[in-house]
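Below are the chains, spelled out letter by letter.
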Amino acid sequence: MPVFNGGITNQQTGLLDPKLLQQRGPLLQIEVSVPDVLANKLYQEKKPIPPPVTGLGLLDTGASITGVDVNALQQLSLSMINEVTMNHPGGEDKQGIYACQISFPGTQIEDIEFSAALGSNLKGQGLLAILGRDVLKDYQLVYNGPGGFWTIAG
Amino acid sequence: MEQTDILKAELEYFDEIKDELLKTNNEQYALIKGRNLEGSFTMYSEAYEAGVAKFGTESFLVKQIVEQQPSHQIPALGNCLINASF
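Residues numbered from 1 in each chain as written. Chains lettered and ligands numbered in written order. Predicted model: local features only at pLDDT ≥ 70, side-chain atom pairs only at ≥ 80, totals over all residues. Heavy atoms only, no water.

Take the pairing of strand β2 (residues 36–41) of chain B next. Residue and element names in this part refer to chain B. As paired strands, strand β1 (residues 29–33) and β2 are joined by five bridges and run antiparallel to one another. Looking at β2, one finds that Leu31 is bridged to Gly39. Two successive antiparallel strands, β1 and β2, enclose a turn made up of two residues, where Gly34 displays a positive phi of approximately 65°. (Pairing = 2+ DSSP bridges. Helix = DSSP H or I, 4+ residues; strand = E, 2+ residues; numbered from the N terminus.)

What follows deals with the nonpolar core. Ile30(A) and Phe104(A) are the most contacted members of the largest nonpolar core, which has 69 residues in total. Looking at this core, the element that brings in the most residues is helix α1 (residues 8–25) of chain B, giving six residues. Not counting residues within four places of it along the chain, the set of residues in contact with Phe104(A) comprises Leu28(A), Gln29(A), Ile30(A), Ile109(A), Glu110(A), Asp111(A), Ile112(A), Leu131(A) and Tyr139(A). (Core = buried A, V, L, I, M, F, W, Y, C linked by side-chain atoms within 4.5 Å. Buried < 20%, exposed > 50% of the residue type's maximum accessible area, 1.4 Å probe, protein only. Contact = heavy atoms within 4.5 Å.)

In the structure shown here, the tally under the stated rule is six aromatic pairs over all chains. Ring centres of Phe55(B) and Phe60(B) lie 6.1 Å apart, and the angle between their planes is 35°; on these two criteria the pair is classed as tilted. The exposure class assigned to Phe60(B) is buried, which follows from its relative accessible area of 3%. Aromatic ring contacts, followed pair by pair, group Phe114(A), Tyr29(B), Tyr44(B), Tyr48(B), Phe55(B) and Phe60(B) into a single cluster. (Phe/Tyr/Trp six-rings, centres within 6.5 Å; stacked < 30°, edge-to-face > 60°.)

Turning next to the interface of chain A and chain B. Facing 38 residues of chain A, the contacting portion of chain B comprises 28 residues. Between chain A and chain B, the buried area comes to about 2,800 Å², and carbon and sulfur atoms account for 60% of it. Counting the contacts that link chain A with chain B gives 13 residue pairs in polar contact (both at pLDDT 80 or more). Listed by contribution, the elements that provide at least two residues to the side of chain A that touches chain B are α2 (36–44), β5 (80–88), β6 (91–103) and β7 (112–120) of chain A. It is β5(A) that provides the largest number of residues to the side of chain A that touches chain B, a total of eight residues. With two bridges connecting them, β5(A) and strand β4 (residues 71–72) of chain B associate as parallel partners. Considered in β4(B), the bridge of Met86(A) is made with His72(B). (Buried area = accessible area lost by both parts, 1.4 Å probe. Polar contact = N/O pair within 3.5 Å; in protein donor to acceptor, adjacent residues only side chain to side chain.)

Here you go:
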């Protein structure tokens with residue numbers, strides 16, 4: 001079972017910093033791309049395949065669904081495949097769902113070849129994606145606050 | 001085309017045929033294009049793959065056939081808690 005340890009290093013000390021983990025949360029570098037099945041179709045039709053988008057993913061056990069930044073989804077030319085009801089403090093809204101592939105470069109965590117992700121406004125938060133329980137259900141996650149690191153296995 | 005217009009026809013058609021689908025394809029994933037049910041599948045990814053195979057980059061709907069569609073929440077986003085500090 002692949003295991004990855006993450007944390008945020010203090011640039012001055014070179015050590016994992018619990019305060020930075022508290023401030024920013026469990027972040028890891030991810031890549032969002034066109035699903036393989038769609039990439040193969042585009043290749044067969046001699047159409048260009050949009051390059052993957054890289055950025056930060058936040059592991060969020062409070063999120064019932066994974067959200068990916070809408071700007072990234074537009075860059076990937078992905079079409080909406082469904083809509084869901086989202087509950088928020090102001091009430092509820094319908095929001096679009098997009099099929100994408102999520103990879104974890106620099107780790108041995110296997111690619112998620114198909115993720116039905118919510119199109120979300122995350123760019124302003126400095127995030128590419130929020131990885132919710134629909135993804136996390138397949139992993140073990142341990143958050144070590146005092147140690148300033150977290151571990152994901154699966 | 002506005003976000004709300006994409007899949008409008010497909011979503012309306014799904015609502016029209018939902019009761020019938022619940023009898024025969026409960027919990028499966030319906031693949032719908034326009035006002036045509038293109039098939040139902042055991043897994044979300046299977047329905048999506050079938051949709052891509054037939055329609056490529058055109059929009060199509062993949063929706064689970066259940067009595068009550070689940071609602072979702074990302075409280076940290078909705079409550080502006082990401083990067084909040086005090």
